[in-house]
Amino acid sequence: MKCNQNGMETSSALELVLRGDPALLAIVRLSLAVSLSAVLFAALVGLPLGAALALTRFPGRGAAIVVLNALMGLPPVVVGLAVYLLLSRSGPLGELGLLFTPQAMVIAQAILIAPIVAALARQTLEDLWLEYRDELSAMGVGPARRIATLIWDGRFSLLTALLAGFGRAAAEVGAVIIVGGNIDGFTRVMTTAIALETSKGDLPLALGLGFVLIAIVVVVNALAWGARRAGERMAG
Amino acid sequence: MMRAPATDLPVRLDDASFAVGTVTIIDRMTLTFAPGAPTLVIGPNGAGKTTLLRLAMGLAAPTSGTVTFGGRERGPPLRRAFVFQRPVMLRRSVAANLRYALSAAGMPRRQHDGRIAELLALVGLTGIGDRPARRLSGGEQQRLALARALAREPEILFLDEPTASLDPAATKAVEDIVAQVAARGIKVVMSTHDLAKAKRLAGDIVLIHRGRVVETGPAEEFFAAPKTDAARRFIAGELLI
Ligand SMILES: Nc1ncnc2c1ncn2[C@@H]1O[C@H](COP(=O)(O)OP(=O)(O)OP(=O)(O)O)[C@@H](O)[C@H]1O
Ligand SMILES: [Mg+2]
């Protein structure tokens, strides 16, 4: 009986995916748009921050690294709550009217994953810096150019940091549900839809979304891996 | 890039020491590297050759005493260049490594291609500009490192055992380039623990041992009539202890 039912649910989910159900496609599209935007913003902040931490020596640097590493484990609901307080009508950024919009979801996810990108980038770039330091110093390369050089030459390894950030953003539900509100057709993404459909008992849709989510993460990683292989062959 | 004051020469160490913790690696050295024939810094493994060159390049600051470049203390390397004992190539093509050095030295972009071709020809790497630099053989990387250093149009070029890991043919190739460079008026300061190499290229000899200058002088005098007992023993191939 139970076995049978599971089989039915799986085939319904597959059907939805194959049929290209428009509601499902819209949810998938928004999920990708939100999480990829979050990765972009997290990279803009996290990569230079990680690079700066990798290259500079200052008192308290060790503590800063420990804090940054710990922030990798930020609970999504706490980030969601903090962003909610910032963006709510009475909050400091309430004027912007961003609460319960996709933009708010991007902000929350970017905050969530910026520490992941920064911490992993710091490690990568510090190793590269140890290797390059003497040569770049001998060439008289200044601080800004050093950071740019390390990010560029470490780009294939840094891709891994970005993928870790993307995986985390695509998988989290706590932050986007608080600041996005899971509004049908507007702020509903895959994870919030899965949570909702599961609680409503629509297991076929929930499962279908689950498969799509996993497939997307696999495809994104496969593309990145291919790009890395090709790039490394060319750049050495 | 600022090119004034225009010169890094002479490089002077004045009573300069370099210590790590309680270990003194360079012990109160006073030396001048001025325009002229190549200076060969010789001494056994661990004598402090690399550390001396790093001080003279400004990559490390003395823990006491001073190092000055054209009379100035510190400041970025303007017309100094360094080829490391184990050079590190950037993760880019051969040509892109040279392009990077040229733009770091402030050369306008439109002059890059011509200069890159010249440099590749000078070190005998013409035709492999597109290859990833890190895939080159050790000898090729050493020559590329030399080209990258020369891209800075240095007045003074530091070479830290540039031929230590090369076979005789590659060694000859590098030494020929160094001789050519020196003939163009670039001051060469090269370290080696190999007396035959020192004889072929010097100019002047600076023999160091355990972080101290043991003897300095023109190469001919140094090899024909060493003034110190330590130098005599080093030339005779005896262990210095
Ligand atoms: N940062 C450092 N900390 C501690 N010891 C150091 C440091 N740098 C160099 N030394 C030590 O100082 C001594 C001189 O080192 P250096 O590399 O200058 O010698 P060298 O003459 O270049 O030797 P080789 O011929 O093997 O290259 C060595 O005993 C080395 O272990
Ligand atoms: Mg050495």
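Residues numbered from 1 in each chain as written. Chains lettered and ligands numbered in written order. Predicted model: local features only at pLDDT ≥ 70, side-chain atom pairs only at ≥ 80, totals over all residues. Heavy atoms only, no water.

Notes on the nonpolar core
What tends to happen in soluble globular proteins is that the nonpolar side chains get buried as a cluster.
Thinking step 1. Counting residues in hydrophobic clusters, the biggest one holds 108 residues, and the most contacted among them are Ile42(B), Leu157(B) and Ile205(B).
Thinking step 2. Per-element tally for this core: the top contributor is helix 5 (residues 102-138) of chain A, with 16 residues.
Thinking step 3. Every residue in contact with Ile42(B), bar those within four places of it in the chain, is listed here: Lys49(B), Thr192(B), Leu195(B), Ala198(B), Ile205(B), Val206(B), Leu207(B), Ile208(B), Phe222(B) and Phe234(B). (Core = buried A, V, L, I, M, F, W, Y, C linked by side-chain atoms within 4.5 Å. Buried < 20%, exposed > 50% of the residue type's maximum accessible area, 1.4 Å probe, protein only. Helix = DSSP H or I, 4+ residues; strand = E, 2+ residues; numbered from the N terminus. Contact = heavy atoms within 4.5 Å.)

Description of the site of ligand 1
Residue and element names in this part refer to chain B.
Thinking step 1. For ligand 1, the full set of nearby residues is Val 20, Ile 25, Pro 44, Asn 45, Gly 46, Ala 47, Gly 48, Lys 49, Thr 50, Thr 51, Gln 85 and Glu 161.
Thinking step 2. In the model, an oxygen atom of ligand 1 is placed 2.9 Å from a nitrogen or oxygen of the Gly 48 main chain.
Thinking step 3. Here Gln 85 contributes a side-chain N or O atom positioned 3.1 Å from an oxygen atom of ligand 1.
Thinking step 4. With three residues, helix 1 (residues 49-57) is the single largest residue contributor to the shell around ligand 1.
Thinking step 5. In terms of residue class, the shell around ligand 1 is made up of four nonpolar, six polar and two charged. (Near = heavy atom within 4 Å. Polar contact = N/O pair within 3.5 Å; in protein donor to acceptor, adjacent residues only side chain to side chain. Nonpolar A, V, L, I, M, F, W, Y, C, P; charged D, E, K, R; others polar.)

Considerations on the environment of Pro132(B)
All names here are of chain B.
Thinking step 1. For Pro 132, the position within the fold is in the loop between helix 3 (112-122) and helix 4 (138-150).
Thinking step 2. The class of Pro 132 is buried, set by a relative accessible area of 13%.
Thinking step 3. Expressed as a C-alpha distance, the spacing of Pro 132 and Val 94, which sit 38 residues apart in the sequence, is 6.0 Å.

Thoughts on the coordination of the magnesium ion (ligand 2)
Residue and element names in this part refer to chain B.
Thinking step 1. Protein-derived coordination of the magnesium ion (ligand 2) comes from Thr 50 (OG1) and Gln 85 (OE1), at a distance range of 1.9 to 2.6 Å. A residue pair is termed long-range when its members are at least 10 positions apart, and Thr 50 in helix 1 and Gln 85 in the loop between strand 6 (80-83) and helix 2 (94-104) qualify at 35 residues.
Thinking step 2. Looking at Thr 50, the relative accessible area reads 28%, which means it is partly exposed. (Donors = N, O, S within 2.8 Å, 3.2 Å for Na, K, Ca; no water.)

Geometry only, nothing functional implied.
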